[in-house]
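Descriptive analysis of the structure
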Amino acid sequence: DTAVSQTPKYLVTQMGNDKSIKCEQNLGHDTMYWYKQDSKKFLKIMFSYNNKELIINETVPNRFSPKSPDKAHLNLHINSLELGDSAVYFCASSQEAGGVRKTGELFFGEGSRLTVL
Amino acid sequence: GDSVTQMEGPVTLSEEAFLTINCTYTATGYPSLFWYVQYPGEGLQLLLKATKADDKGSNKGFEATYRKETTSFHLEKGSVQVSDSAVYFCALSVRYNFNKFYFGSGTKLNVKP
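Below you will find a few notes about this structure. (Residues numbered from 1 in each chain as written. Chains lettered and ligands numbered in written order. Predicted model: local features only at pLDDT ≥ 70, side-chain atom pairs only at ≥ 80, totals over all residues. Heavy atoms only, no water.)

Brief notes about the interface of chain A and chain B
Inclusion rule: In this description, contact between two residues means that some pair of their heavy atoms is separated by no more than 4.5 Å. Two parts placed together each lose some accessible area under a 1.4 Å probe, and the buried area is that loss summed for both. Counted as salt bridges are all cases of a side-chain nitrogen of Lys or Arg within 4 Å of a carboxyl oxygen of Asp or Glu. Polar contact is the term for a pair of N or O atoms within 3.5 Å; when the atoms are in protein, one must be able to donate a hydrogen and the other to accept it, and sequence-neighboring residues count only if both atoms are side-chain atoms. Helix and strand assignments follow DSSP, with helices taken as H or I runs no shorter than four residues and strands as E runs no shorter than two, numbered in order from the N terminus.
Each side of the interface is counted separately: chain A has 26 residues, and chain B has 22 residues. Between chain A and chain B, the buried area comes to about 2,100 Å², and carbon and sulfur atoms account for 57% of it. Taken together, the connections running from chain A to chain B amount to zero salt bridges. Taken together, the links from chain A to chain B amount to two residue pairs in polar contact (both at pLDDT 80 or more). Of all the elements in the fold, those that place two or more residues in the side of chain A that touches chain B are strand S4 (31-37), strand S5 (43-50), strand S6 (53-57) and strand S9 (87-94) of chain A. In terms of residue count, S4 of chain A provides more of the side of chain A that touches chain B than any other element does, four residues in total.

What follows is the structure, encoded as structure tokens:
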């Protein structure tokens, strides 16, 4: 039973198109994230939601818009795709412990490889 | 600001060799430290973690000790296997920054039979 699942796993599309990636976690966590991994494996945080509220919004183009319908889901919509958007996008989740701000580990999905042609 | 620096790869070793991957950090709060591993085509998995100074995290023969005096969290394994070939990421998280994780650039490990 997959803890953090993302769809699709692979996405190939043309420049200028709009695409979405979906993420669901069944761990009961209250915080979810989107990370971007480039071709050199460098990981960069894009967004984080806690209980459906946006808490981290790094310097990401406005073409990227996250949406969290509930705390188990965090989707990523990308408008007007560009060549530089080609990367692997990882969804992750974590849980604060007992109301105290202890840092829990991140649980990652398997990634969604986006290729923009 | 908070950051993690880890040694560049790739690191190529023969099976049963000793492994060290260096990681140092900068943090303004009290960080928790992590090592994650990414096997080809997969997401990142937690390998081990340490939440306070002098803690040692260990898993699958890998170890790392949280050294506050040297701000380091080096990953070690006494005898690597071909199946350990992967990319290893050092990471930190600080409490005040609401679970914001900082990752190193990753170190690719190749183990040859």
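Structure shown, so let's carry the discussion forward.
Looking at the pairing of strand S7 (residues 64-70) of chain A
Residues and elements named next belong to chain A. The line we're drawing: Paired strands, in this sense, are two strands between which DSSP finds at least two bridges.
Here five bridges tie S7 to strand S8 (residues 73-78), and the two strands are oriented antiparallel to one another. Considered in S8, the bridge of Phe64 is made with Ile78. Connecting S7 to the antiparallel partner S8 that follows it, the hairpin turn spans two residues.

Considering the nonpolar core
Put simply, the test is: Buried Ala, Val, Leu, Ile, Met, Phe, Trp, Tyr and Cys residues form a nonpolar core when they are joined through side-chain atoms within 4.5 Å. Relative accessibility under 20% of the residue-type maximum defines a buried residue, over 50% an exposed one, and the middle range a partly exposed one, all with a 1.4 Å probe and only protein chains included.
Core analysis: the largest hydrophobic core is formed by 28 residues, its most contacted members being Leu19, Trp35, Leu47, Leu48, Phe73, Leu75 and Tyr88 of chain B. In terms of residue count, the dominant contributor to this core is strand S10 (residues 86-94) of chain B (five residues). In contact with Leu19 of chain B, other than residues within four places in its own chain, are Val11, Leu13, Phe62, Leu75, Glu76, Lys77, Val80 and Leu109 of chain B. One finds Trp34, Tyr49, Ile78 and Cys91 of chain A within the second-largest nonpolar core, a separate group that totals 20 residues.

Topic: the environment of Thr107 of chain B
Residue and element names in this part refer to chain B. Positionally, Thr107 belongs in strand S12 (residues 107-112). Of the residues examined, Thr107 reaches a relative accessible area of 0% and is grouped as buried. Note: C-alpha distance between Thr107 and Val11 (96 residues apart in sequence) is 7.3 Å. When residues no more than four places from it in sequence are discounted, the contact partners of Thr107 are Gln6, Met7, Glu8, Gly9, Val11, Ile21, Ala86, Val87 and Tyr88. Only 2.9 Å separates the side chain of Thr107 from the side chain of Gln6, close enough to count as a polar contact.

This is a description of form; function is not addressed.
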